[in-house]
Amino acid sequence: MPDPAAVPADDPRPQAPIEPAPNECCGSGCPLCVYDLYAEEVARYREKLAQWRQRHPDAE
């Protein structure tokens, strides 16, 4: 359990990224498709959320 004094006072829960709308992908196999970028954002979000949950074990 983290030291409560070490948790920043302003430590909001990370927000999940917004999934691209179906019309945002052109379907032409771009090297950086919006869905690839979204997957990277989701991975970062999950990592940040796990860290946040360690700092706030009673949040949920």
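Everything below is about the structure shown above.
Values in this document were obtained by computation on a predicted structure and should not be read as measured data.

Undergrad: Explain the overall build of the protein chain here, please?
TA: Helix and strand counts for the protein chain stand at 1 helix and 0 strands. Looking at the protein chain as a whole, 17% of its 60 residues qualify as buried. In the protein chain, once contacts between residues fewer than 6 apart in sequence are set aside, the share between residues at least 24 apart is 61%. With an accessible surface of roughly 4900 Å², the protein chain has 53% of that area assigned to carbon and sulfur atoms.

Undergrad: I tried to follow the environment of Val-42 on my own but got confused; where do I start?
TA: Tracing the backbone shows Val-42 in helix H1 (residues 34–55). On the accessibility criterion, Val-42 (14% relative accessible area) is buried. In the structure, Val-42 is positioned 23 residues away from Glu-19 in sequence and 9.1 Å away in space, judged by C-alpha atoms.

Undergrad: What should I look at first to understand H1 in this one?
TA: It helps to recall that an α-helix has 3.6 residues per turn; residues three or four apart then point in one direction. The end-to-end C-alpha separation of H1 is 31 Å, in line with the 32 Å expected for 22 residues at 1.5 Å each. Looking at H1, one finds that the buried residues are Val-42, Tyr-45, Leu-49 and Trp-52. The arc that holds every buried residue of H1, seen down its axis, measures 90°, which confines them to one face. For H1, exposure combined with an orientation more than 90 degrees from the buried face picks out Glu-47, Lys-48 and Gln-54.

Undergrad: Which parts of the structure should I look at to understand the pattern of salt bridges?
TA: Pairing is possible between side chains of opposite charge, provided their charged atoms come close. Within the structure shown, the criterion is met by 1 salt bridge. The residue Arg-55 makes a salt bridge to Asp-11 at a minimum N-O spacing of 2.8 Å. In this pair, Arg-55 is assigned in helix H1 and Asp-11 in the segment before H1, connecting sequence segments 44 residues apart.

Undergrad: Is there a simple way to think about the side chain of Asp-11 in this case?
TA: On the accessibility criterion, Asp-11 (15% relative accessible area) is buried. Not counting residues within four places of it along the chain, the set of residues in contact with Asp-11 comprises Trp-52, Arg-55 and His-56.

Undergrad: Would you take a moment to explain the environment of Pro-14 for this structure?
TA: Position of Pro-14 among the secondary structure elements: in the segment before H1. Each C-alpha atom, one on Pro-14 and one on Arg-53, is 9.8 Å from the other, the two residues being 39 residues apart in sequence. Every residue in contact with Pro-14, bar those within four places of it in the chain, is listed here: Tyr-45, Lys-48, Leu-49 and Trp-52.

The rules behind each value
Residues numbered from 1 in each chain as written. Predicted model: local features only at pLDDT ≥ 70, side-chain atom pairs only at ≥ 80, totals over all residues. Heavy atoms only, no water. Helix = DSSP H or I, 4+ residues; strand = E, 2+ residues; numbered from the N terminus. Buried < 20%, exposed > 50% of the residue type's maximum accessible area, 1.4 Å probe, protein only. Contact = heavy atoms within 4.5 Å. Areas by Shrake-Rupley, 256 points an atom, 1.4 Å probe, with all protein chains shown as cover. Expected span 1.5 Å × (residues − 1). Arc of directions from axis to C-beta. Salt bridge = Lys/Arg side-chain N within 4 Å of Asp/Glu carboxyl O.

Spatial relationships are all this shows, so hold off on functional conclusions.
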